Amino acid sequence: MKSTSINKRKKGILVALKTLFLISFFLAYTNCEPSAKIPVEKPNIILIMLDDLGYECIESYGGTTYKTPNINKLSASGMQFNQAYAQPLCTNTRVKLMTGKYNYRNWTSFGILDPNQKTFGHLMQDAGYSTCIVGKWQLQSYDPINYAGSEYRRGTGMKADDAGFDEYCLWHTGHTEDKGSRYVSPKIHQNGKFLQYNNEDYGPDIFSKYLNDYVSKKHNKPFFIYYPMVLTHDPFSPTPNSDIWKNPEKRSENNTSYYKHMVEYADKIVGDIINNLEKRGIRDNTLILLYSDNGTHQTIYSKKGKEIIQGGKGLTTDAGIRVPLIANWPAQLKENKTTDEFIDAIDFLPTILEAAGTKIPDNYFSDGESFLPLIKGETVNRRDWVYMSYNPKPGAGKDHLNPAEFVFNKKYKLYGDGRFYDIEKDKLELKPLDTTKFGNNKNQIKNRFTVIMDSLKKYPTYGWVERLDPGLDTIISKHARIDLVAEGFNWSEGPVWLPHKKTLLFTDVPENKVYQWNDIKGLSLYLEPSGYTGPQIDPWTRGGKGANGLSLDLQGNLILCQQGDRVISKLVSLKDSLNPEFKPIVTNYKGKKFNSPNDLTFDKEGNMYFTDPTYGLKNAKSDLGFSGLFFYPKDGGDVILLDKSIKFPNGVAISHDNKTLYIGDSNTEYPKIFAYDILSPGKISNRRLLFDVTELREKSISKQCPDGIKLDKHGNLFFAGPDGVLIITPEGKHLGTIRTDIAAGNCEFTDDGRYLFIVADDLLLRVNLRPYAKS
């Protein structure tokens, strides 16, 4: 008995030693620590984004107008975010959501996603996920063909095939006029084929069925589905659950009374998605995120308890930007949670990637912060504010909306134009706070918000605004920003704004080049040569300088004052930047060459007025023997000399009523701005001194004489002069100066008048005159 017991003990020891050896061998072979965790299975992820549905429409948020039981269940077993926000309009949110970047970094126009961008679809593919998108696209083309500038934007956005999704079933992937219905008899683009359905078919059902079928497939890797719903966007029409649906002729009716039906049908679809996940046995490890692209349509009024909330879509108030956000993931979230942490559209991309177990690539920049730790119940230090850069333009139907920039927390909100609100007490932002009566606490918050906005600026600040008259405050906000957007030129000149392309063209005279700049692509060469097309020689010698002033004729053609060739020409072809073709249109006066055409402008009928000073010739002799102010009729014919008594005529502009002509004289002995009465095209009289620059020039740093002139929408003159751009009224009153403290050559407004570009020596500056004001 004793020996048997000893043998058993020996055998037990041997088994234990063998087991220990095998464990040690396995750990050594796999190079693992004994405490290493077994990899967790990657979750499936479904992001559902409702269309035009504010937080007040959901019962779990206190809404009492609509029944949303399925969304309520998501909240009751997941996490509800009470401070989730979106941009006021859908494209702004969609671009932000899919790229994880603030709009100012990659916004082009409404209904367009820059095809050069990477989306979370691309990144999730890289992370090893199957990807699918169903629902609303509207990111390839938007403006109808008759909308101004549409020819420069139509079809320029991202195609669904290139957006990072293996499969898609989408509405509105083509031009707006071809998009068809999203509800009854929908037109659907599915994996490269357009499908047209009949009156019995309902778009939201087609999308949800495609989604559920995709989920039901056998996947050898986890999936990511992005479902931007078409519900609950107008037109407000019946759903298959509406009694009136039984009448086919009534299915396309548009009435706000059907909004309730649409909200509740959207909730039904959410329930169908959940049920299908449960049926397939993959519910527990599927992360569902439910969000909305902006607030409810302004025609919709909803109850939240006793409070009636009007929808605020398109507006920057709470009703336009506060939206529902619910996260549900049974494997991670075991009980209902709510949070007041601030969530923005930029935060989804890093959250989804972190849930997928991957990092944001080193070569990809995102402004967002993951909120996955909140879902997992981890303590995390996140930002306690939201910043928005919102621009609804350009885009058809968006002309009545204005850009905005603002920072806010739960209680206070600061706009880029200085308006500061207590949004906890004043949700509709009816009365800005009087900042002169602030205590330390409010001032600290306002100053902090200002620092946040400044830190998120894309460009460094340059220069300042000298205010000489209170009237300037109505023209240039006290909070106007001067941005340095490009630099490194020899001498920048001649800016002209291309409204349809949202691009500025300007010249570098000594370099014989025209550059182009816009806020998305930055700076690039537009064309070379620009003004001297002969043999290459020293650019400052006779005939060597490039174009100076630029303008657009009534047909939108680029017209150049070609100083080097001493003509005014039209750009007729631009195969590439190094092969421009020009057609001279103004070549001589009575058979004699011009000196150096400097600046030009067109009246409302298309007639041209231009200046031709001698100083552009340097040491060369003038063929004319004088500097001139000239007129060239719209239908061609002879050039008319209007005035040859101005010593150095430079900038030229015409009043909006076509009754006054303004000329800048760059005479160093007597620099001034003149005004003439225009009696008829090509006939002027009553030359008078509008503004004498002599004293300002003598006291200035730059010693600059009057140069280029542009008029704002009120008729005020902005002209390059001593130390910057001076602003004077049509009566000659000096209101102030945008100070560059270096020589400025000219300036140009954007078509909406909100921005002024200044070319100053080697710099290109942009001034936000009315930073995001309401008017």
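Source: prediction; values computed, not measured. (Residues numbered from 1 in each chain as written. Predicted model: local features only at pLDDT ≥ 70, side-chain atom pairs only at ≥ 80, totals over all residues. Heavy atoms only, no water.)

1. Notes on the overall build of the protein chain
Step number 1: In terms of regular secondary structure, the protein chain is built from 12 helices and 44 strands.
Step number 2: With the principal axes as the frame, the protein chain shows a C-alpha extent of 130 × 75 × 60 Å.
Step number 3: Taking all 775 residues of the protein chain together, 58% fall into the buried category.
Step number 4: The long-range share in the protein chain, meaning contacts at least 24 apart out of those at least 6 apart in sequence, stands at 59%.
Step number 5: For the protein chain, the exposed area adds up to about 33100 Å²; of that, 50% sits on carbon and sulfur atoms.
Step number 6: Of note, the protein chain has its 99 positive side-chain charges centred 6 Å away from the centre of its 92 negative side-chain charges. (Helix = DSSP H or I, 4+ residues; strand = E, 2+ residues; numbered from the N terminus. Buried < 20%, exposed > 50% of the residue type's maximum accessible area, 1.4 Å probe, protein only. Contact = heavy atoms within 4.5 Å. Areas by Shrake-Rupley, 256 points an atom, 1.4 Å probe, with all protein chains shown as cover. Lys, Arg positive; Asp, Glu negative; His and termini not counted. Charge placed at Lys NZ, Arg CZ, Asp CG, Glu CD.)

2. Comments concerning the sheet that holds strand β26 (residues 567-574)
Step number 1: Pairing in this open sheet of 4 strands is antiparallel, and the strands run β24-β25-β26-β27 from one edge to the other. The open sheet has two free edges, formed respectively by β24 (547-552) and β27 (580-586), since each of these has just one partner strand. The sheet shows a mean angle of 35 degrees between the axes of neighbouring strands, direction not considered.
Step number 2: Pairing of strand β25 (residues 558-562) with β26, which is carried by 4 bridges, proceeds in the antiparallel orientation. Pairing of glutamine 562 across the sheet is with valine 567, part of β26. (Pairing = 2+ DSSP bridges. Axes fitted to C-alpha atoms, helices over the stretch in contact; angles between N-to-C directions.)

3. Describing the pattern of salt bridges
Two side chains with opposite charge may pair up if their charged atoms get near one another.
Step number 1: This structure, assessed with the given rule, holds 44 salt bridges.
Step number 2: Residue lysine 136 pairs with aspartate 51 through a salt bridge whose shortest N-O separation is 2.9 Å. Here lysine 136, found in strand β3 (residues 130-136), pairs with aspartate 51, found in the loop between β1 (44-50) and α2 (69-76); they are 85 residues apart in sequence, far enough to count as distant.
Step number 3: Given the relative accessible area of 0%, aspartate 51 is considered buried.
Step number 4: Across the pair aspartate 340 and lysine 410 runs a salt bridge whose closest N-O atoms are separated by 3.7 Å. Taken together, the positions of aspartate 340 in strand β13 (residues 337-343) and lysine 410 in the loop between β15 (404-408) and β16 (412-415) put the pair 70 residues apart, joining distant regions of the chain. (Salt bridge = Lys/Arg side-chain N within 4 Å of Asp/Glu carboxyl O.)

4. Quick look at the packing of helix α6 (residues 203-216) against helix α7 (residues 259-279)
Step number 1: For the pair α6 and α7, interaxial distance at closest approach is 10 Å and the crossing angle is 15 degrees. Considering the angle they form, α6 stands roughly parallel to α7. Note on packing geometry: the crossing formed by α6 with α7 is right-handed. Across the interface between the two elements, Pro204, Asp205, Ser208, Leu211, Asn212, Val215 and Ser216 from α6 touch Tyr265, Ile269, Asp272, Ile273, Asn276 and Leu277 from α7.
Step number 2: Of the residues that constitute the contact of α6 with α7, the class distribution is 7 nonpolar, 4 polar and 2 charged. (Parallel < 35°, antiparallel > 145°, perpendicular 65-115°, else oblique. Left-handed = near helix turned anticlockwise from the far one by under 90°. Nonpolar A, V, L, I, M, F, W, Y, C, P; charged D, E, K, R; others polar.)

5. A short note on the nonpolar core
Step number 1: If you look at the biggest cluster of nonpolar residues, it comprises 49 residues, and the most contacted ones within it are Tyr227, Met229 and Leu231.
Step number 2: Elements with a contribution of two residues or more to this core: β1, α2, β3, β4 (167-171), α6, β7 (223-228), α7 and β8 (286-292).
Step number 3: For this core, the element with the highest residue contribution is α7, accounting for 10 residues.
Step number 4: Beyond its immediate sequence surroundings of up to four residues, leucine 231 is in contact with Leu50, Asp51, Tyr183, Tyr202, Pro204, Met262, Tyr265, Ala266 and Ile269.
Step number 5: Grouped together as the second largest cluster of nonpolar side chains are 48 residues, Leu47, Tyr226, Leu287 and Ala327 included. (Core = buried A, V, L, I, M, F, W, Y, C linked by side-chain atoms within 4.5 Å.)

6. A closer look at the sheet that holds strand β32 (residues 628-632)
Step number 1: Taken together, 4 strands build an open sheet; the order of strands is β30-β31-β32-β33 and the sheet is antiparallel. The open sheet is flanked by β30 (599-602) and β33 (640-643), the only strands paired with a single partner. Within the sheet, the average angular offset between the axes of one strand and its neighbour, ignoring direction, is 25 degrees.
Step number 2: Here strand β31 (residues 608-612) runs beside β32; their pairing, made up of 5 bridges, is antiparallel. Across the sheet, phenylalanine 610 pairs through a bridge with phenylalanine 630, a residue of β32.

7. A closer look at the side chain of aspartate 347
Step number 1: Relative to the assigned elements, aspartate 347 resides in the loop between β13 and α9 (348-355).
Step number 2: According to the relative accessible area criterion, aspartate 347 is buried, its value standing at 0%.
Step number 3: Polar contacts involving the side chain of aspartate 347 include one to the main-chain amide nitrogen of glutamate 369, which spans 2.8 Å.
Step number 4: Side-chain polar atoms of aspartate 347 contact the side chain of arginine 383, separated by 2.5 Å.
Step number 5: Discounting chain neighbours no more than four positions away, the residues touching aspartate 347 are Phe342, Gly368, Glu369, Ser370, Phe371, Arg382 and Arg383. (Polar contact = N/O pair within 3.5 Å; in protein donor to acceptor, adjacent residues only side chain to side chain.)

8. Focus: the pairing of strand β43 (residues 755-760)
Step number 1: Across the 6 residues of β43, 6 count as buried, placing the element largely inside the fold.
Step number 2: Side chains Tyr755, Phe757 and Val759 project from β43 onto one buried face, and the interleaved Leu756, Ile758 and Ala760 project onto a second face that is buried too.
Step number 3: Bridging between strand β42 (residues 744-749) and β43 involves 5 bridges; their strand directions are antiparallel. Counted as the bridge partner of asparagine 746 is valine 759 from β43.
Step number 4: Across 6 bridges, β43 lies against strand β44 (residues 763-768) in antiparallel orientation. In the sheet register, valine 759 faces β44, and the bridge partner there is leucine 764.
Step number 5: Between β43 and β44, which follow one another and run antiparallel, lie 2 residues, and aspartate 761 among them has a positive phi close to 55 degrees.

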